[in-house]
Amino acid sequence: MTIQFDRRFVLMGLAGAAMPLPVWAQDLEARVATLAAQYQPKVVAWRRDIHQNPELSNREVRTGKLIAKDLKRMGLSVRTGLAGNGVVGVLKGGKPGPAIALRADMDALPVEDKTGEPFASKAMGEYEGKAVPVTHACGHDAHVAMLLGAAEVLSQMKADIAGDIVFIFQPAEEGPPKGEEGGADVMIRDGALDNPKVKSIFGIHVWPGKPGELLYRPEGFMAQTDRLEIQLHGVQTHGSRPWDGVDITALAADITQTINQITSRRLNITKEPTVVTISIMEGGLRYNIIPETLRLAGTMRTFSKARRDEAIDKVTKVVEQLAASYGATAKVEFTMNAPLTYNDPQLSKDIFPVLVKAAGEGKVSDKATLITGGEDFAEYQKVVPGVFCFLGIAKPGEDPEKIPPNHSPYFNIYEPAMEVGVRAHALAALFMLTREASV
Ligand SMILES: [Zn+2]
Ligand SMILES: [Zn+2]
């Protein structure tokens, strides 16, 4: 670490106040780097163990136990049973100060592991009544491993830490199964941000970017997501005599195409992107009967309240009018899953040089494009300022645009990149403690 960095850091964190360097900052970067390198083999071992034992949303029993056991061994005070299998570990620094939080998610997906790795998952589970293969196709195994690694690093620096670091391990980020509750909002309800009351939060998601590079943007980053349900009701008839009833399947096709036209032709796409996807069409029992009812379901992604309201209004009206023109009725329902992932503008700016220290010069960008994927990390950001960023996990030399994305059965991560994630967590935590002590 250079003197120059220290000065910038202090100026940034303390808004120009002439105060001495915080004790931990004096050898901060070097100590975190040495410890992160030391724990890297352990981080890889954790990732592989969790990868081989993946658990679906709200079923993360083994993962939760593993996390709690290791956090206790590190000397953290541990709370379990938040939002089901959620775990919160609190590292009390040797000196008084504020509290901040770091977060990882724990759940896997109903996806078959086709990575061909020796530690590939062979696990099976049950998802909404069906037997399914299970794997960490979104990289939450790496998230848990990196946050445990950061806990190891920071617990070695405990004496010099002024304040409390709260490690949040959250279940069901991918969304709880139908009929269950879970995820970030339940973690918050169960007190994840209380005792101690945290002042800010930081989180990382792995994704197909260049190895070890960090990417984010201030303000709106990842989309707010809605679940869309459409129930169509018509008049059942023989498949040979559609004119005797209502051709509800033709209506369903018409609705799907028209919704695609709304997002391409009737919303100002130069202002912000909007996606509405119909991914389920369900109905009909026999090849020669046009059914009375049909269900369409899908997802909507928007980036502002105004656009969400506008899109809901347009989709609802169009679906109802189309249904009426066929002689059918339609019930349209939008339910918000995750709010907008909103990176606090000031914290985004302040934390940039700290992330550069974690990833290296030229390896951090705060100019990400909008991401139409959603994240329930957004729930924490509704309560406290936070920053969420992506960590690139493509292999060196691979084109990140061409590697299998998150949720693909071939999704895999370049494990050395996790060391950057551990450093980013640890340095972000130390920085936020200093920053929150002075704001
Ligand atoms: Zn995911
Ligand atoms: Zn994810």
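Small disclaimer: the values here were computed from a predicted structure and weren't measured.

One can read the domain layout of the protein as domain 1 (3-221 + 340-438) and domain 2 (224-338). Distance from the C-alpha centre of domain 1 to the C-alpha centre of domain 2: 37 Å. Contacts between the two partners involve 11 residues from domain 1, matched on the other side by 11 residues from domain 2. Both faces considered, domain 1 and domain 2 share a buried interface measuring about 810 Å² in area, 67% of it formed by carbon and sulfur atoms. In terms of surface lost to domain 2, no three residues of domain 1 exceed L340, L370 and T372, which account for 62% of the buried area on that side.

Our focus in this paragraph is the pairing of strand β14 (residues 293-302). The element β14 is largely enclosed, with a buried count of seven among its 10 residues. Examined bridge by bridge, strand β10 (residues 224-233) and β14 share 10 bridges and lie antiparallel to one another. Paired with D226 across the two strands is M300, which belongs to β14.

Those donors, C138 (SG), E174 (OE) and H407 (NE2), are the protein atoms that reach the zinc ion (ligand 1), and they lie 2.1 to 2.3 Å from it. Expressed as a motif, the donor residue spacing for the zinc ion (ligand 1) is C-x35-E-x232-H. Taken as a pair, the zinc ion (ligand 1) and the zinc ion (ligand 2) show a spacing of 3.1 Å, with C138 coordinating each metal. Within this pair, whereas C138 is found in the loop between β5 (130-133) and α4 (140-156), its partner H407 is found in the loop between β18 (386-392) and α10 (417-438), the two being separated by 269 residues in sequence.

Right, let's talk about the coordination of the zinc ion (ligand 2) for a bit. Octahedral six-donor coordination of a metal ideally yields angles of 90 or 180 degrees, compared with 109.5 degrees for tetrahedral four-donor coordination. Taken together, the protein donors to the zinc ion (ligand 2) comprise C138 (SG), H140 (NE2) and H205 (NE2), at separations of 2.1 to 2.4 Å. Within one chain, the residues donating to the zinc ion (ligand 2) are spaced in sequence as C-x1-H-x64-H.

Right, let's get into the sheet that holds strand β1 (residues 77-82). Taken in spatial order, the eight strands of this open sheet run β1-β2-β6-β3-β7-β18-β8-β17, and their pairing is mixed. Edge strands, defined here as strands with exactly one partner in the open sheet, are β1 and β17 (364-365). The pairing of strand β3 (residues 95-105) with strand β7 (residues 198-207) spans four bridges and is parallel. Within β7, the position partnered with A99 by the bridge is V198.

Turning our eyes to something else, we now look at the pattern of salt bridges. Tallying each qualifying case throughout the model produces 32 salt bridges. A salt bridge links E181 to R189, with the nearest nitrogen and oxygen atoms 2.8 Å apart. Accessibility expressed as a relative area gives 55% for R189, which makes it exposed. R435 serves as the salt-bridge partner of E436, at 3.3 Å between the closest nitrogen and oxygen. Of the two residues examined, E436 and R435, each falls in the buried class. Each of K42, D70, R73 and E152 takes part in one network of salt bridges that share partners.

Time to look at the packing of aromatic side chains. One pass over the full model with this rule turns up five aromatic pairs. Ring plane angle 45° and centroid distance 4.9 Å describe the contact between W207 and F390, whose orientation is recorded as tilted. Linking W207 in strand β7 with F390 in strand β18, this pair joins segments that are 183 residues apart in sequence. Of the residues examined, F390 reaches a relative accessible area of 4% and is grouped as buried. Three or more aromatic residues joined by ring pairs make a cluster, and in this case those are W207, F221, F377, Y380, F388 and F390.

Bringing helix α7 (residues 305-326) into the picture now. Side chains that are three or four residues apart share a direction in an α-helix, a result of its 3.6 residues per turn. With 22 residues, α7 extends 32 Å from end C-alpha to end C-alpha; this agrees with the ideal 32 Å at 1.5 Å per step. What α7 keeps buried is the set R307, R308, A311, I312, K314, V315, T316, V318, V319, L322 and A323. Looking at the buried positions of α7, the neighbouring elements they touch are β10, α6 (248-266), β14 and β15 (329-338).

So, how was this worked out
Residues numbered from 1 in each chain as written. Chains lettered and ligands numbered in written order. Predicted model: local features only at pLDDT ≥ 70, side-chain atom pairs only at ≥ 80, totals over all residues. Heavy atoms only, no water. Domains from an automatic or database assignment. Contact = heavy atoms within 4.5 Å. Buried area = accessible area lost by both parts, 1.4 Å probe. Buried < 20%, exposed > 50% of the residue type's maximum accessible area, 1.4 Å probe, protein only. Helix = DSSP H or I, 4+ residues; strand = E, 2+ residues; numbered from the N terminus. Pairing = 2+ DSSP bridges. Donors = N, O, S within 2.8 Å, 3.2 Å for Na, K, Ca; no water. Salt bridge = Lys/Arg side-chain N within 4 Å of Asp/Glu carboxyl O. Phe/Tyr/Trp six-rings, centres within 6.5 Å; stacked < 30°, edge-to-face > 60°. Expected span 1.5 Å × (residues − 1).

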